[in-house]
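One letter stands for each residue in the lines below.
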Amino acid sequence: MDDKYKCTKIKEIITHNEFNKTFVLDHSFDEAYPGQFAMVWLPGIDEKPISFSAQNEITIKKIGPFTKKAFELKEGDKIWLRGPYGKGYKALDKPYYVFGGGCGIAPLKFFIKKNKATIKTVYLGCRSKTDILFLDDFIKLAEKNNIELTIFTEDGSFGKKGMITDTDEEFSDKYNYAICGPEMMIKAVAEKINIPKQTYVSIERYMKCAVGLCGECSFSGYRVCVDGPVFSYDIVKKLPHFGSKRRTKTGELIDM
Amino acid sequence: MDDKYKCTKIKEIITHNEFNKTFVLDHSFDEAYPGQFAMVWLPGIDEKPISFSAQNEITIKKIGPFTKKAFELKEGDKIWLRGPYGKGYKALDKPYYVFGGGCGIAPLKFFIKKNKATIKTVYLGCRSKTDILFLDDFIKLAEKNNIELTIFTEDGSFGKKGMITDTDEEFSDKYNYAICGPEMMIKAVAEKINIPKQTYVSIERYMKCAVGLCGECSFSGYRVCVDGPVFSYDIVKKLPHFGSKRRTKTGELIDM
Amino acid sequence: MNKHLTLNPPIVNACGILSYLDVFERLEKTGANFGAWVPKSIGPFEKQGNPNPTIYNDGNVMLNAFALPTHSIQSWINEFENTKLKKPIIGSVWGTKPEDYQNIIKKVDKYVEAWEINVSCPNKEVGEKSLMESMTEKIKDIITPLRNTTQKPIIAKLSPNEDYITITKSIIDHVDYVACGNTLGPGLAIDIYSKKPILAGFAGGMSGDAIKPKTMKMVNDIYKIASKKDVKIIAYGGISKWQDIVEYAIAGASIFGVGTALMHKDTEQITEYINKMWTSVENYLKEENTSFDKLVGCLDG
Amino acid sequence: MNKHLTLNPPIVNACGILSYLDVFERLEKTGANFGAWVPKSIGPFEKQGNPNPTIYNDGNVMLNAFALPTHSIQSWINEFENTKLKKPIIGSVWGTKPEDYQNIIKKVDKYVEAWEINVSCPNKEVGEKSLMESMTEKIKDIITPLRNTTQKPIIAKLSPNEDYITITKSIIDHVDYVACGNTLGPGLAIDIYSKKPILAGFAGGMSGDAIKPKTMKMVNDIYKIASKKDVKIIAYGGISKWQDIVEYAIAGASIFGVGTALMHKDTEQITEYINKMWTSVENYLKEENTSFDKLVGCLDG
Ligand SMILES: Cc1cc2nc3c(=O)[nH]c(=O)nc-3n(C[C@H](O)[C@H](O)[C@H](O)COP(=O)(O)OP(=O)(O)OC[C@H]3O[C@@H](n4cnc5c(N)ncnc54)[C@H](O)[C@@H]3O)c2cc1C
Ligand SMILES: Cc1cc2nc3c(=O)[nH]c(=O)nc-3n(C[C@H](O)[C@H](O)[C@H](O)COP(=O)(O)OP(=O)(O)OC[C@H]3O[C@@H](n4cnc5c(N)ncnc54)[C@H](O)[C@@H]3O)c2cc1C
Ligand SMILES: Cc1cc2nc3c(=O)[nH]c(=O)nc-3n(C[C@H](O)[C@H](O)[C@H](O)COP(=O)(O)O)c2cc1C
Ligand SMILES: Cc1cc2nc3c(=O)[nH]c(=O)nc-3n(C[C@H](O)[C@H](O)[C@H](O)COP(=O)(O)O)c2cc1C
Ligand code: FES
Ligand code: FES
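Residues numbered from 1 in each chain as written. Chains lettered and ligands numbered in written order. Predicted model: local features only at pLDDT ≥ 70, side-chain atom pairs only at ≥ 80, totals over all residues. Heavy atoms only, no water.

Student: Is there a simple way to think about the site of ligand 2 in this case?
Tutor: Residue and element names in this part refer to chain B. Looking at ligand 2, there are 20 residues lining it, with Pro49, Thr59, Lys61, Phe66 and Thr67 nearest. Note that a nitrogen atom of ligand 2 is positioned 3.0 Å from one of the side-chain N or O atoms of serine 51. Contact distances for ligand 2 include 2.5 Å between an oxygen atom and a side-chain N or O atom of threonine 67. When isolated, ligand 2 has an accessible area of 880 Å², and the protein chains bury 79% of it. Listed by contribution, the elements that provide at least two residues to the shell around ligand 2 are β4 (46-54), β5 (57-61) and α1 (65-71). No other element matches the four residues that β4 contributes to the shell around ligand 2. (Near = heavy atom within 4 Å. Polar contact = N/O pair within 3.5 Å; in protein donor to acceptor, adjacent residues only side chain to side chain. Areas by Shrake-Rupley, 256 points an atom, 1.4 Å probe, with all protein chains shown as cover. Helix = DSSP H or I, 4+ residues; strand = E, 2+ residues; numbered from the N terminus.)

Quick look at the structure:
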């Protein structure tokens, strides 16, 4: 198996808000499944892990030099990807509750589209209405497929006011749970659900090779690029680095 | 595709006569078909092309240093082969006449066993009865499968006395023709048949790489290892090197 | 008398692969039977190495141009202090001058069972010169004083890209092992749509199956010198199946490092892969009615 | 003013591959569109080279230790006299001393359009020393007098295993092309059941996809020197798909030799393969809205 780049063109750019854009690609990564990621290369700039938000889509949040450069791309520009990499969310025996926060909403859209019939409930939590990526898609998906959709915004500008953890639903072991979002949100939601064996969460760490060789993405010894990014919460909750430590570009282990 | 050696053991040795032995191998080359050959390696000695006489069998005629060494091998000894290589005899639409001379009888036994139903007639030509390799097999094959078997010996010690070309059968284009044996015998038989488009013959030239790279086995520009060893006589008869020239180990083109 | 390690099995990770103690611990917990662990090369000062892309696998050859990222010696010591590893650790060290090597070895010596002296990384950092020029004299100056720095076995990790025979002769009395070798090349890969080099570091060291015949020759060449001096060989280069271990053993190696072949394998897969590798070597030894010790260096040619 | 060939397409067989004029004729008759033909290197005396096995393909790397079999110059001349080839011939020549090269070139000069000077074969014949030691001075002594021996373009075929930058600088004023490069290594393959080296010649030059990144680096390194002196580059090393040609062009090459990739292909298959290769390059040029001349050496890094 090689790790060659696919050089493709940007067919369309969806600007969600100041900080989030979705790039629709000319090429469809047919093997990709939700939760998996690509290494996205901008020649001469850098290369970073970005999750698929559809087989031909990636969604990027502007936070630093690389993502800033990505935001300068126009429709028709070339973009380079290798992958798909890692383990994603699997369709399992029991129906799913899905929890998305912030930029983590994007890969979950992919998951829900792929597994419509097995999704019971979707929870989304964002600061404000403008932060809810793919809001229209979620509403449509929910209506068409009889999925319960609950949205929390911190400022109350859409759905319920509050945090995603403010729900008072009781969670039962008749369901599976998929969570994607910032590590603190994952921790809060997973603890609230409290069924770790049936809860799957996505973890981010700094990546160099993305093929399991260099160890840079180590998350308490699990290499996120090959062992993850999606893990069972049963494993994650016991790991000392969870919500606490990450490695930098030098390999140093520091507090998050 | 690699060209690794299969190291296998000699299960059984059939001594046909002073100059011909068949080595039955532990390993069966399931992809091999009649007319194809292996590069047979004796570590520390040399490596030479030898045709398959069955999927797990090679038949060797002692004529020089390499084949002499091969004759010293015992049952249970290791032997190394890479292949199968080249183009063999194909099963075609029309039934076959098969002509074997000398050591060329061995691969034809393989061909007949594989294509029993499509063989009409087998002609074998040898100096003497002891030179007829696999005589019992041929007799049995002929009886069971309703194949006509005609054998010529030069000394009359078996079958008809004379050369294989002494037959007065008329050959029609309702049949295909397979010939294997010394180049002069091939020429004589093929001319006698005189239906070049339906006649297939096997050519030998000195080989080094056996994978089409070095050009050493060139036969008027056809590389015997990949374009042959089995060719349509329609091609062969026009080639200036046929029955006339071959390259030596230095690559020099000399008279045969 | 030279000092040699007893590793069971004699299989280690290649340096720069898996790299961190927590990754090794995870593999030990999962049951991966490596004989020792080699953490990422420790350097004299903190550096990030090259930006991404740092690797490129074209399906035939792996290129990497990490250019030796390393964190501070103190933060390495913190990791060593806290490790629960059961198998021995072979420390790898790099520097730009002999004192770098000595300083690092002194500070970290008590945490490791042997020292691998990396004098062979072919990679450069963008805009920098080569990190280590493998000139014979320089390598000799780095290696020779180390007997006074540490009591642990010393492994010189040499490059297949240099005149390794001359280098080996110049250091053979001061080492217990020669490791053959580091990555080959370096090589260049170009993206035909951006017309730029793929690796941010421009060129990168070649590894994987593609380099095996070259390293095999290196092992055998050096074995002929080393075996007369009680110096053993560690083989690094394209080991991906049990047959490669046997082949390197016949050529003269007695410890085997696996690097690029671990690509694309998760923790469970590495565990299964490594454990099967050594079992298969043992089966071969039984079938061929020989022993590992007899195999080492028995090449008949 | 240097002399350059106009080949259409700029694709040749690598020397030692296909080798004989009758094979080239057969390919021309079948319609294979090579731009020129390179017959097997012609040497100063008849020799068989090594016994078999002369090649070993482990699936990742090709090794060969033919060790330059060659027949007499007179029998080469007989073949040249009788050939019906339409495309130009690039003669390849090897020797053990400068006079060997001059003698052969003088005798065969009228049959070829250019001379490729092989000073880079890494193989040895059993029991012999290396046929050609690629020391800078020796290569310079071989190449420099040739301008007085022939009016045809001179191609120095250098080895990736030597200090090719120093060598290039020493000969750059006396050549029209540098060919990069010959086989890498050499490498060693061992049979684990006989415990013997597989090649009768012990070690063998490495070729195929596996060596491409190293030769790519060599092409680019030498292009930086050669392009200032009107010297062009021929690339040999792991060319197996049209993308490889584009990549080598970006690195600086303007003629492309295909060797190991022709393995396992019969005459029809080579014809289809080669003809498709160049068409695909032309499609790329169209899509990228560029020309071949603009592509050569345009690496942006
Ligand atoms: C498996 C995986 C999937 C990802 N999917 C997406 C995605 O779909 N969309 C998206 O926008 N981003 C995604 N990311 C994160 C993305 O890779 C980083 O945001 C990006 O590398 C930032 O690059 P930069 O140069 O713009 O900013 P940087 O300067 O590299 O980072 C800016 C800030 O973010 C922090 N940071 C950077 N990378 C990470 C990380 N991996 N984990 C934690 N903190 C980090 C830095 O410490 C810094 O504070 C993913 C990361 C991983 C590991
Ligand atoms: C495709 C192919 C299939 C073959 N199948 C068989 C087989 O099934 N059984 C078998 O016994 N042999 C077969 N041969 C021939 C076999 O390879 C040679 O007999 C063998 O190489 C002789 O080796 P040696 O060292 O014993 O004798 P050498 O000393 O190499 O040869 C002895 C004599 O035979 C001549 N000779 C050697 N090789 C050839 C050749 N290829 N063509 C014409 N003359 C040659 C030499 O010029 C010399 O006069 C085959 C050859 C080819 C090319
Ligand atoms: C991603 C990567 C990083 C490496 N980092 C180091 C390093 O830090 N120190 C070192 O001595 N060798 C390093 N190497 C070289 C390996 O240890 C090994 O010598 C080489 O890869 C050949 O083995 P392989 O073919 O099994 O990968 C690295 C190799 C790779 C592929
Ligand atoms: C079987 C074989 C024979 C070769 N013989 C010669 C030769 O006679 N002269 C020469 O200059 N190069 C020779 N070479 C080297 C090739 O010309 C070429 O430089 C090398 O194989 C790299 O190209 P490739 O990867 O496309 O095979 C030979 C290579 C092979 C594989
Ligand atoms: S990024 Fe290298 S191991 Fe995960
Ligand atoms: S033996 Fe047929 S081309 Fe080499």
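Student: What is the right way to read the nonpolar core from this model?
Tutor: Within soluble globular proteins, side chains that are nonpolar tend to cluster in buried spots. Grouped together as the largest cluster of nonpolar side chains are 140 residues, with contacts concentrated most on Phe99 of chain B together with Val108, Ile117 and Leu158 of chain D. The greatest single-element share of this core, amounting to eight residues, is contributed by helix α8 (residues 267-287) of chain D. Split by domain, the residues of this core number at least three in each of domain 1 (6-85) and domain 2 (96-255) of chain B. Ignoring sequence-local partners within four residues, the contact set of isoleucine 117 of chain D consists of Val93, Tyr101, Ile105, Ile142, Ile143, Leu146, Ile154, Ile155, Ala156 and Lys157 of chain D. Counting 139 residues, the second-largest nonpolar core is a separate cluster that includes Tyr85, Ile193 and Tyr233 of chain A together with Ile17 of chain C. (Core = buried A, V, L, I, M, F, W, Y, C linked by side-chain atoms within 4.5 Å. Buried < 20%, exposed > 50% of the residue type's maximum accessible area, 1.4 Å probe, protein only. Domains from an automatic or database assignment. Contact = heavy atoms within 4.5 Å.)

Student: I would appreciate a short explanation of the packing of helix α2 (residues 73-82) of chain C against helix α3 (residues 98-108) of chain C in the present structure.
Tutor: For any two helices packed against each other, one specifies the inter-axial angle together with the distance between the axes. Residue and element names in this part refer to chain C. The interhelical angle for the contact between α2 and α3, taken along N-to-C directions, is 30°, at an axis separation of 10 Å. Comparing the axis directions of α2 and α3 gives the class roughly parallel. The handedness of the crossing between α2 and α3 comes out as right-handed. Judged by residue contacts, Ile73, Ile77 and Phe80 of α2 engage Ile104, Lys107 and Val108 from α3. In terms of residue class, the contact of α2 with α3 is built from five nonpolar, no polar and one charged. (Axes fitted to C-alpha atoms, helices over the stretch in contact; angles between N-to-C directions. Parallel < 35°, antiparallel > 145°, perpendicular 65-115°, else oblique. Left-handed = near helix turned anticlockwise from the far one by under 90°. Nonpolar A, V, L, I, M, F, W, Y, C, P; charged D, E, K, R; others polar.)

Student: I'm lost on the packing of aromatic side chains in this one. Help?
Tutor: By the definition in use, this model includes 56 aromatic pairs over all chains. Ring pairing ties together the aromatic residues Tyr97, Phe99, Tyr123, Phe152, Phe171, Tyr175 and Tyr177 of chain A, which thus form one cluster. Cation over ring: arginine 247 of chain B sits above tyrosine 20 of chain D, and NZ or CZ is 4.1 Å from the ring centre. (Phe/Tyr/Trp six-rings, centres within 6.5 Å; stacked < 30°, edge-to-face > 60°. Lys NZ or Arg CZ within 6 Å of the ring centre and 35° of its normal.)

Student: Explain the site of ligand 1 here, please?
Tutor: Residue and element names in this part refer to chain A. What surrounds ligand 1 is a group of 20 residues, the closest being Pro49, Thr59, Lys61, Phe66 and Thr67. Interatomic distance of 3.0 Å between a side-chain N/O atom of lysine 48 and an oxygen atom of ligand 1. Arginine 205 is positioned with one of its backbone polar atoms (N or O) 3.4 Å from a nitrogen atom of ligand 1. Protein contact buries 79% of the 870 Å² of open area that ligand 1 shows by itself. Take the shell around ligand 1: its biggest share by element is four residues, from strand β4 (residues 46-54). Along the lines of polarity and charge, the residues of the shell around ligand 1 split into eleven nonpolar, four polar and five charged. Domain assignment of the residues forming the shell around ligand 1 places at least three in each of domain 1 (6-85) and domain 2 (96-255).

Student: So what exactly am I meant to see when it comes to the relation of the copies chain C and chain D here?
Tutor: Relating the two copies of this chain is a rotation about some axis coupled with a shift parallel to it. Expressed as a screw operation, the relation of chain C to chain D combines 0.0 Å of axial shift with a rotation of 180°, fitting to an RMSD of 0.0 Å. Both chain copies can therefore be described as sitting about a two-fold axis. Taking C-alpha positions as reference, the residue of chain C nearest the rotation axis is alanine 210 of chain C, located at 2.5 Å. Interface residue correspondence from chain C to chain D reaches 100%, placing this contact among same-surface, isologous pairings. (Least-squares fit on C-alpha atoms with pLDDT ≥ 70 in both.)

Student: Please explain the interface of chain C and chain D as it appears in this structure.
Tutor: Think of interface size as the accessible area that goes away when the parts come together; that is how it is often given. The interface of chain C with chain D comprises 42 residues on the first partner and 42 residues on the second. Surface buried jointly by chain C and chain D totals about 3500 Å² across both partners, of which 65% is contributed by carbon and sulfur atoms. Of all residues in chain C, Ile190, Ile192 and Lys195 of chain C bury the most surface against chain D, accounting for 18% of the area lost on that side. Applying the counting criterion to the chain C and chain D interface returns four salt bridges. Two residues, lysine 196 of chain C and aspartate 300 of chain D, come together in a salt bridge whose shortest N-O distance is 2.5 Å. Where chain C touches chain D, the interface holds twelve residue pairs in polar contact (both at pLDDT 80 or more). At the level of secondary structure, the elements contributing two or more residues to the side of chain C that touches chain D comprise β8 (184-188), β9 (190-191), β10 (196-197), β11 (203-207), α6 (212-226) and α7 (242-251) of chain C. Across the side of chain C that touches chain D, the residue classes tally to 25 nonpolar, six polar and eleven charged. (Buried area = accessible area lost by both parts, 1.4 Å probe. Salt bridge = Lys/Arg side-chain N within 4 Å of Asp/Glu carboxyl O.)

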